[in-house]
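Chain by chain, the residues run as shown.
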Amino acid sequence: MIRRRIYPNIVSFRIMIDALCKEGELRKNVDTLDRIMGKRGSHSPSTIVNCSSVLRILEKGHVEEGEEDTVVVLLKRLLQKNLIIDAVAYSLVIHAKVTLGNLDSAWELYEEMVRRGFHGNSFVYTSFIGGFCRDGRIEEAIGLLREVEGKGLKPYGETFEHVIVGFADSERLEECLSVFEMLSVGFVPGCLVFNKVVEKMCQKGKVEQANAMLTMLLDKGFLPNDVTYFRLMQGYAKKDEVPEVLKLYYEMEYRSMSPGLSVFATIIWSLCRCGKVEDAEKYVSIMKGCFLTPDVTVYKALVAGYVKKGDSARALQFHNELASLGLALSEDFAATPAMQENRSVICASRVVPSLVGLTCLLCAVPTSCCFVFSTVSLCSILAFYIYLLALLLHYVWCLLVFFVAWLKNESKQKMTEVDIT
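Calculation criteria
- Residues numbered from 1 in each chain as written.
- Predicted model: local features only at pLDDT ≥ 70, side-chain atom pairs only at ≥ 80, totals over all residues.
- Heavy atoms only, no water.
- UniProt positions renumbered as here; feature names shortened; annotations may be inferred.
- Helix = DSSP H or I, 4+ residues; strand = E, 2+ residues; numbered from the N terminus.
- Buried < 20%, exposed > 50% of the residue type's maximum accessible area, 1.4 Å probe, protein only.
- Contact = heavy atoms within 4.5 Å.
- Core = buried A, V, L, I, M, F, W, Y, C linked by side-chain atoms within 4.5 Å.
- Salt bridge = Lys/Arg side-chain N within 4 Å of Asp/Glu carboxyl O.
- pLDDT = per-residue confidence, 0-100.
- Axes fitted to C-alpha atoms, helices over the stretch in contact; angles between N-to-C directions.
- Parallel < 35°, antiparallel > 145°, perpendicular 65-115°, else oblique.
- Left-handed = near helix turned anticlockwise from the far one by under 90°.
- Nonpolar A, V, L, I, M, F, W, Y, C, P; charged D, E, K, R; others polar.
- Expected span 1.5 Å × (residues − 1).

For the protein, an unreviewed UniProt entry supplies the name Pentatricopeptide repeat-containing protein and the organism Canavalia gladiata.

Okay, structure coming up:
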């Protein structure tokens, strides 16, 4: 509308505010205006709606890189019609440039506006801090954070989140953890930010610290999601701390959270790695009860676990189940030392395979090249097929004998009927 120089009226503002309320965006945008203006709840409907429109344009990616002039023109027209306040317009112009990656240009514009009497606010500083952190310029971001505190401005949650993510991306975990000391002022990070920190800490082997941070945040009202627990489970599983993995799983159940495939796969993998394959099977049953289909990773862990334990029959059973689903173990996994050492044991198992198992094996051998038959000698394969052929001929011979007996019986009945007549 504004590009066509058609400006909204009071009815348009009411419709837009109603839409913002239904989308749950009104409170967030009003908070943004409060950070720009430095005072609470004194904004006109036109300022709220127009600020929300510009923020949505930037968030949804409707402005391509290098086209920030579109936003500038839009804000200029709003200023000409007194539909937006100067401080809000200047802040949004700087935010647009930072969002599109033009940090140096945005900083030059900010310095020019300061010379003209514009006063920086926490929203503008947070935009710059986020841009510097994304660009890897952490020291400059920390300098701006100190400047914010020195000017008496109040940083908010998003400010701290930018710094935390910046430290985590730069592998500076000690500084990242120090930011969490600001929890005393009521700061609680979002799930995405905390999950990223947990992932970096688990990669460095600091899963205990990450779990302690989660406990501390839970007391502050933090709401973790399934990704949070999955990251922690991965960290404990790499250290073979199975009790901690199971403890996190039951904590998820206590919070009525639905574990996904990745969570179950981590539990089964950690149990099989520690030799508790029977316990891992219990979680496979729970997994299927949740209507989750085990993937190759789960079967790979079960087969390797039983092979390591020496139960080749059970390993073959899970391999056949995997083949029946149209999946196959990777060639790299089949070439592992454990598989190479136990291949003859698996193939020479004393358990006579069932008809379904034999069918699965026959289908799997020529198509997926499963590791059982790809690692045995040619003589063993030929002997196996000869055994199948002999079994098939035996069944055919039984059918022929039955058919001949049936014919003899029929002929006797006919001769008896002829004698009677």
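### With respect to the UniProt feature "transmembrane region" (unreviewed entry) in the protein
In this numbering, the UniProt entry assigns the feature "transmembrane region" (unreviewed entry) to residues 351–376 and 382–407. What you have in residues 382–407 is 100% helix and 0% strand, and the ends, taken at the C-alpha atoms, are 37 Å apart.

### Quick look at the UniProt feature "repeat: PPR" (unreviewed entry) in the protein
Per the UniProt record, "repeat: PPR" (unreviewed entry) is found at residues 86–120, 121–155, 225–259 and 295–329. Secondary structure across residues 121–155 comprises 74% helix and 0% strand; the distance between its end C-alpha atoms is 10 Å. When the span residues 225–259 is considered, its composition is 74% helix and 0% strand, and the gap between its end C-alpha atoms is 10 Å.

### A short note on the side chain of Thr266
On the secondary structure map, Thr266 appears in helix H15 (residues 261–273). Of the residues examined, Thr266 reaches a relative accessible area of 8% and is grouped as buried. If near-sequence neighbours (up to four positions away) are discounted, Thr266 is found in contact with Phe230, Met233, Gln234 and Ala237.

### What about the nonpolar core?
A general trend in soluble globular proteins is that nonpolar side chains are found buried together. Of all hydrophobic cores here, the largest spans 83 residues; its most connected members are Ile94, Phe128, Met233, Ile267, Ile268 and Leu302. Ignoring sequence-local partners within four residues, the contact set of Phe128 consists of Ile94, Val98, Leu103, Ala106, Trp107, Tyr110 and Leu144.

### A word on the pattern of salt bridges
This structure, assessed with the given rule, holds 16 salt bridges. Two residues, Glu139 and Arg172, come together in a salt bridge whose shortest N-O distance is 3.0 Å. Placement of the pair is Glu139 in helix H8 (residues 138–150) and Arg172 in the loop between helix H9 (157–169) and helix H10 (173–179), with a sequence separation of 33 residues. Linking Glu199 and Arg231 is a salt bridge whose minimum nitrogen-to-oxygen distance equals 4.0 Å. One end of the pair, Glu199, is in helix H11 (residues 191–203); the other, Arg231, is in helix H13 (residues 226–238), and 32 residues separate them in sequence. For Arg231, a relative accessible area of 23% corresponds to the partly exposed category. Through salt bridges that share partners, Asp104, Asp135, Arg137 and Glu140 make up one connected network.

### Re the confidence of the model for the protein
Per-residue confidence for the protein averages 75 on the pLDDT scale, and 64% of its residues sit at or above 70. The low-confidence segment residues 61–67, where pLDDT is below 50, has eight contacts with residues more than four positions distant or belonging to other chains. For the stretch residues 345–377, pLDDT sits under 50, and the model shows 45 contacts to residues farther than four places along the chain or on other chains.

### Focus on the packing of helix H6 (residues 103–115) against helix H7 (residues 122–134)
Where H6 contacts H7, the two axes come as close as 11 Å, and the packing angle between them is 155°. Relative to H7, the element H6 lies roughly antiparallel. H6 and H7 meet at a crossing whose hand is left-handed. Only Val124, Tyr125, Phe128, Gly131 and Phe132 of H7 make contact with H6, whose side of the interface consists of Leu103, Ala106, Trp107 and Tyr110. Grouping the amino acids of the contact of H6 with H7 by side-chain chemistry returns eight nonpolar, one polar and no charged.

### A short note on H15
Taking 1.5 Å per residue as the helical rise, H15 with its 13 residues ought to reach 18 Å, and the 18 Å between its terminal C-alpha atoms agrees with that figure. Listed in full, the buried residues belonging to H15 are Val263, Phe264, Ala265, Thr266, Ile267, Ile268, Ser270, Leu271 and Cys272. Residues of H15 that are buried in the fold lie against H13, helix H14 (242–254), helix H16 (277–289) and helix H17 (296–309). Positioned one or two residues after H15, Gly275 has a phi angle of 85°, which is positive.

### Focus on the packing of H15 against H16
Look at H15 against H16: their axes get within 8 Å of each other, and the N-to-C directions meet at 165°. What the angle tells us is that H15 and H16 run roughly antiparallel. Between H15 and H16 lies a crossing of left-handed hand. Contacts between H15 and H16 pair Leu261, Phe264, Ile267, Ile268, Leu271 and Cys272 from the former with Val277, Asp279, Ala280, Tyr283, Val284, Ile286 and Met287 from the latter. Class assignment for the residues of the contact of H15 with H16 results in twelve nonpolar, no polar and one charged.

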